[in-house]
Amino acid sequence: MQKVGILGGGQLGRMLLQAAANYPVETYVMENDTTCPAAHLCHHFTKGDIRNFDDVYNFGKGLDAITIEIESVNEEALEKLEAEGVKVYPKPSALRTIKNKILQKEFYKKNEIPTSEFVITQNKNELQQHGSFLPAAHKIGMGGYDGRGVELLRKPEDLAKGFDAPSVLEKLVAIKKEIAVIIAVSQKGETTLYPPVDMVFDTRLNLLDFQLSPAELPEKVLWKAEAIALKVVKDLKSPGIFAVELFVDIDNNVLVNETAPRVHNSGHHTIEANYSSQFDMLWRIMLNYPLGNTDHILPAAIVNLLGAEGYSGEAYYEGLNEILQIDNVFVHIYGKKETKPGRKMGHVTIMSKEKQELIHQANRIKSVLKVITRSDAHV
């Protein structure tokens, strides 16, 4: 039986382990928090820091394969493990390119992958020289995550909000919609694509609000999106699961926003709505089984459950009973003990043939289901 490790024990690790239960595999997780969402679902749990060379190397050296659920892992340790014969998904070379936003944008440019115009700024002083480039998004090179590490700079006085660290200044594009395409790449280099999804963002938190799948796209735009997403993963030259986030502008041009080299929030609906989920697919890749079927069973929407404003402490899910009475609704609670405003605490998938029904139920779930704290709950 193969031994496979996951670096990181959050909700992505948890959902990967739920899918692993169907396969002959012994699972290992490393995370600093012994009460993390994935801790009790793996065969072997190691307390350790995924950013620490020794922790990652010692965790991985007895394993057949290793994967990540967050980019901020020690890739030097992964390179050493790879050199010693441990299979790493994605390859450390792909991770190195993607985890640094500067290297990621330069990779698109070098490989002629369409992306928004950008300049690199090393510090705040350099940023001040680029007032004429606005409106733009300033993205910190390393360490930004889930809406953190991004500032929208619309006018010269906004430049003060920028980062005093190596960053990318990206020209804002007149966007019609944002979509995401998840692609699976096997060990042999075969690829299969999931149908693109429409992403609807909460502009205040800069986090995914809800999404619809499949995306509504004219055929030519769909072909363009799929071709561009495929080029990204082909040029990264790594097996694994990749989520390519794209902008469709007002002229129907398709531009890459960014890529995640792992299972991704934009693919959570695949657990119920597609024949092979993104989590099932990654196990197929790592265990060297045939790639799964990415077709939709039914169209779907995902609503992210975020900690409600003004509540920090032991999580309580208000309205859960009411939501579980709706047909074709699947609730995923991530098992995080503590809630705080904006923290991802779970997601809900809705399935229906009717797009209007998906939107209606997504909005209903958003208004009824709230993550608050037990002391404030009406129980």
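Everything below is about the structure shown above.
Residues numbered from 1 in each chain as written. Predicted model: local features only at pLDDT ≥ 70, side-chain atom pairs only at ≥ 80, totals over all residues. Heavy atoms only, no water.

The number of helices and strands found in the protein is eleven helices and 21 strands. Taking 379 residues into account, the globule formula puts the C-alpha radius of gyration at 21 Å, and the protein, at 20 Å, falls close to it. Over its C-alpha atoms, taken along the principal directions, the protein stretches across nearly 55 × 55 × 45 Å. Across the 379 residues that make up the protein, the buried fraction comes to 55%. When contacts within the protein are restricted to residue pairs at least 6 apart in sequence, those whose partners lie at least 24 apart make up 62%. Here the protein displays about 16,700 Å² of accessible surface, and carbon together with sulfur accounts for 49% of that area. Seen as two clouds, the 43 positive and the 49 negative side-chain charges of the protein have centres 1 Å apart. (Helix = DSSP H or I, 4+ residues; strand = E, 2+ residues; numbered from the N terminus. Rg over C-alpha atoms; globule rule 2.2 N^0.38 Å. Buried < 20%, exposed > 50% of the residue type's maximum accessible area, 1.4 Å probe, protein only. Contact = heavy atoms within 4.5 Å. Areas by Shrake-Rupley, 256 points an atom, 1.4 Å probe, with all protein chains shown as cover. Lys, Arg positive; Asp, Glu negative; His and termini not counted. Charge placed at Lys NZ, Arg CZ, Asp CG, Glu CD.)

What follows concerns the nonpolar core. One finds Val 4, Val 25, Ile 241, Phe 279 and Trp 283 to be the most contacted residues of the largest nonpolar core, which totals 30 residues. At the level of secondary structure, the elements contributing two or more residues to this core comprise β1 (2–7), α1 (11–20), β2 (25–31), β10 (175–185), β14 (240–249) and α9 (278–286). Sequence-distant contacts of Val 25, defined by excluding residues within four places in its chain, comprise Met 1, Gln 2, Val 4, Ala 20, His 43, Trp 283 and Leu 287. Counting 24 residues, the second largest nonpolar core, distinct from the first, contains Val 185, Ala 225, Leu 246 and Val 248. (Core = buried A, V, L, I, M, F, W, Y, C linked by side-chain atoms within 4.5 Å.)

Turning to the sheet that holds strand β21 (residues 370–373), a few remarks are in order. Strand order across the open sheet formed by three strands is β19-β17-β21, with antiparallel pairing between neighbours. At either end of the open sheet lies a strand with only one pairing partner, and these are β19 (338–339) and β21. (Pairing = 2+ DSSP bridges.)

Here we come to the state of the cysteines. Following the criterion strictly, the structure yields zero disulfides and no others. The structure places no disulfide on Cys 36, whose sulfur is separated from the nearest cysteine sulfur, that of Cys 42, by 7.5 Å. We classify Cys 42 as buried; its relative accessible area is 12%. (Disulfide = S-S within 2.5 Å.)

Okay, the sheet that holds strand β9 (residues 167–171) next. If you walk across this open sheet you meet the four strands as β6-β9-β7-β8, and the pairing is antiparallel. The outermost strands of the open sheet, each flanked by one partner alone, are β6 (118–121) and β8 (150–153). Strand after strand, the sheet turns through a mean of 20° between neighbouring axes, direction not considered. Bridge count between β6 and β9: four bridges; the pairing is antiparallel. If you follow Ile 120 over to β9, its bridge partner there is Val 168. (Axes fitted to C-alpha atoms, helices over the stretch in contact; angles between N-to-C directions.)

Glancing now at the pattern of salt bridges. Tallying each qualifying case throughout the model produces 18 salt bridges. Linking Glu 75 and Lys 99 is a salt bridge whose minimum nitrogen-to-oxygen distance equals 2.6 Å. Of this pair, Glu 75 sits in helix α3 (residues 75–83) while Lys 99 sits in helix α4 (residues 92–99), and the two are 24 residues apart along the sequence. A relative accessible area of 7% places Glu 75 in the buried class. (Salt bridge = Lys/Arg side-chain N within 4 Å of Asp/Glu carboxyl O.)

The next subject is helix α7 (residues 219–236). In a regular helix each residue adds 1.5 Å, so 18 residues correspond to 26 Å; α7 covers 26 Å between its end C-alpha atoms and thus fits that length. Inspection of α7 places Val 221, Ala 225, Ile 228, Ala 229, Val 232, Val 233, Asp 235 and Leu 236 among the buried residues, and these make up the whole buried set. Of the residues one or two after α7, Lys 237 is the one with positive phi, at around 55°. (Expected span 1.5 Å × (residues − 1).)

Among the secondary structure elements, Asn 257 is positioned in strand β15 (residues 254–260). Not counting residues within four places of it along the chain, the set of residues in contact with Asn 257 comprises Gln 104, Tyr 108, Lys 139, Glu 170, Glu 178, Glu 245, Leu 246 and Phe 247.

Below, the discussion takes up the packing of helix α2 (residues 53–60) against α3. Running from N to C, α2 and α3 cross one another at 30°; their axes reach a closest spacing of 8 Å. As judged from the angle between their axes, α2 and α3 are roughly parallel. Remark: the crossing between α2 and α3 carries right-handed chirality. Here Phe 53, Val 56, Tyr 57 and Gly 60 of α2 lie close against α3, whose contacting residues are Glu 76, Ala 77, Leu 78, Lys 80 and Leu 81. Class assignment of the residues belonging to the contact of α2 with α3 gives a composition of six nonpolar, one polar and two charged. (Parallel < 35°, antiparallel > 145°, perpendicular 65-115°, else oblique. Left-handed = near helix turned anticlockwise from the far one by under 90°. Nonpolar A, V, L, I, M, F, W, Y, C, P; charged D, E, K, R; others polar.)

None of the figures reported here should be taken as evidence of function without further support.
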